[in-house]
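# Coordinate inspection notes
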Amino acid sequence: MAAASELVGLGGPRDPAHPEPPATRFHQVHGANIRVDPSGTRATRVESFAHGVCFSREPLAPGQVFLVEIEEKELGWCGHLRLGLTALDPANLATVPEFSLPDLVNLGHSWVFAITRHHNRVPREGQADAESAAPSRPQALLVEPYLRIEQYLIPRDRLVGRSRPGLYSHLLDQLYEQNVLPPTARRSRLGVLFCPREDGTADMHIVINGEDMGPSARGLPAAQPLYAVVDVFASTKSVRLVQLEYGLPSLQTLCRLVIQKSVVHRVAIDGLHLPKGLKDFCKYE
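What you are looking at is a predicted structure, and each value in this text was computed from that prediction instead of being measured.

Here is what the cut-offs are and how they apply
- The numbers attached to residues start from 1 for each chain and follow its sequence in the written order.
- pLDDT decides what is reported in this predicted model: residues at 70 or higher carry local features, side-chain atom pairs at 80 or more are listed and counted, and totals for whole chains, interfaces and linings draw on all residues regardless.
- The side-chain figures draw on all heavy atoms in the structure; neither hydrogens nor water molecules are used.
- Secondary structure elements follow DSSP: runs of H or I no shorter than four residues count as helices, runs of E no shorter than two count as strands, and numbering proceeds from the N terminus.
- Residue burial is assigned from relative accessible area. The probe radius is 1.4 Å, only protein chains are included, and a residue is buried under 20% of its type maximum, exposed over 50%, and partly exposed in between.
- In this analysis, two residues are considered to be in contact whenever any of their non-hydrogen atoms come within 4.5 Å of each other.
- Each nonpolar core is a collection of buried residues, namely Ala, Val, Leu, Ile, Met, Phe, Trp, Tyr and Cys, held together in the definition by side-chain atoms within 4.5 Å.
- Centres within 6.5 Å are what make two rings of Phe, Tyr or Trp a pair, Trp counting through its six-membered ring; a difference in plane orientation under 30 degrees is then read as stacked, over 60 as edge-to-face, and the rest as tilted.
- We call a charge positioned over a ring when the NZ of a Lys or the CZ of an Arg lies within 6 Å of the ring centre and within 35 degrees of the ring normal.
- Each polar contact in these results corresponds to two N or O atoms within 3.5 Å; when the atoms are within protein, one needs to be able to donate a hydrogen and the other to accept it, and residues that are neighboring in sequence are counted only if both atoms are side-chain atoms.
- The criterion for strand pairing is that DSSP finds at least two bridges linking the strands in question.
- We define a salt bridge as a side-chain nitrogen of Lys or Arg found within 4 Å of a carboxyl oxygen belonging to Asp or Glu.
- Whenever a helix is involved, its axis is fitted only over the stretch in contact; in every case the axis is a line through C-alpha atoms, and angles between N-to-C directions fall within 0 to 180 degrees.

## Section: the overall build of the protein chain
Within the protein chain one finds four helices and 13 strands. Expressed as a percentage of the 285 residues in the protein chain, the buried residues total 48%. Counting contacts in the protein chain only where the partners sit at least 6 residues apart, residues at least 24 apart contribute 70% of the total.

Put into structure tokens, the structure is as follows:
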């Protein structure tokens, strides 16, 4: 096991060799039923259950998480969000496939999976099955400030979904932190990233509410640009991007963490003598 000092550590201070990854945005090329808001951070399927494929605007950096939160669900459909990576440049697609599975995957150079609790774990060399490759779940996911995925340390704070502020939000938030809710529940946060290996390939990982689900695919071409794929499919109607802080935490984030530790639940934040913008940031982010 590598020592902490040997890790690339996206969560640590940045240096010129590893600059801060750019903010994530949705690509202007997307499925016919998708509407992306002007900020490029929210994607909504406006009709039907298909034609909801979205891409990241830019290729991901190694270890960069493309993180989405499920904002809206739609009853009456069977199926949920799909997530993955593609080496295909969205701008060069003649048409965006109706489905990520199987249509986009059948085009080649794409790795997409339906989100489930126990899914897509690929065993490492010498392991008998995927179950043995499953990471052990810590008793409390937020005990450590960073999530370690292979050689990367990723700030855990925003990886975990949070309930809407309310009387019981302090109890509901614990369910997200312990990752016991369905992975496609409203307000769940799901991310995808890739980790290069010494042989020139990369492993794809999917993160559900702060828990690394293990390698979902191996042998990705690490030297090629890899775009995130988000299929807003069936019962998943709308998602929004969540930005991570890979360097040192901002003063705003540090203030939020101190304030949240000082109150029983987020409704109590309204009674504090703080600027409204900071109150909203503490309650919703």
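This is not the end of the story, as more comes after the structure.
## Here we look at the nonpolar core
Note on soluble globular proteins: their nonpolar side chains tend to be buried together. Grouped together as the largest cluster of nonpolar side chains are 31 residues, with contacts concentrated most on Phe 26, Phe 66, Val 68, Met 204, Val 230 and Val 239. Of all the secondary structure elements, the ones that give two or more residues to this core are strand E4 (66–73), strand E5 (82–86), strand E6 (110–114), strand E9 (189–196), strand E10 (201–208), strand E11 (211–221), strand E12 (227–231) and strand E13 (236–242). Take this core: its biggest share by element is four residues, from E10. Beyond its immediate stretch of four places on either side in the chain, Val 239 contacts Phe 26, Thr 41, Arg 42, Ala 43, Val 68, Glu 69, Ile 70, Glu 71, Leu 81, Val 230 and Val 232. In this structure, Val 65, Leu 147, Leu 193 and Cys 195 belong to the second largest nonpolar core, which totals 13 residues.

## As for the packing of aromatic side chains
Scanning the model with the defined rule gives five aromatic pairs in all. Measuring from centroid to centroid gives 5.1 Å for Phe 49 and Trp 77, while their planes differ by 40°, and the two rings are tilted. A residue pair is termed long-range when its members are at least 10 positions apart, and Phe 49 in the loop between strand E2 (42–45) and strand E3 (53–55) and Trp 77 in the loop between E4 and E5 qualify at 28 residues. With centroids separated by 6.0 Å and ring planes inclined at 75°, the aromatic side chains of Phe 99 and Phe 233 adopt a geometry described as edge-to-face. With Phe 99 in the loop between E5 and helix H1 (100–106) and Phe 233 in the loop between E12 and E13, the pair connects residues that are 134 residues apart, well separated along the chain. Take Phe 99: its relative accessible area is 17%, and that puts it in the buried class. Overall, the relative accessible area of 7% leaves Phe 233 in the buried class. Through pairs of rings, three or more aromatic residues link up here, namely Phe 49, Trp 77, Phe 99 and Phe 233. The ring of Phe 233 is capped by Arg 82, whose NZ or CZ atom sits 3.9 Å from the centre of that ring.

## What about the side chain of Gln 64?
With respect to the secondary-structure elements, Gln 64 resides in the loop between E3 and E4. With a relative accessible area of 2%, Gln 64 lands in the buried category. A polar atom in the side chain of Gln 64 sits 3.1 Å from the backbone oxygen of Pro 22.

## Comments concerning the pairing of E11
With eight of its 11 residues buried, E11 lies for the most part within the structure. Linking E10 to E11, which pair antiparallel, is a turn of two residues; within it Asn 209 sits at a positive phi near 45°.

## Here we look at the pattern of salt bridges
Counted under the stated rule, the structure contains 10 salt bridges. For Asp 203, the salt bridge is made with Arg 197, and the minimal N-O distance between the two is 3.1 Å. Classification of Asp 203 as buried rests on a relative accessible area of 0%. Taken together, the salt bridges that share partners define one network made up of Asp 37, Arg 42, Glu 69, Glu 71, Arg 187, Arg 189 and Arg 240.

## Thoughts on the sheet that holds E12
The strand order across the open sheet formed by four strands is E3-E12-E5-E6, and the pairing between neighbours is antiparallel. Pairing within the sheet leaves two strands with one partner each, and these edge strands are E3 and E6. Strand-to-strand, the axes of this sheet are offset by a mean angle of 20°, without reference to chain direction. The pairing of E5 with E12 spans five bridges and is antiparallel. The residue of E12 that forms the bridge with Arg 82 is Asp 231.

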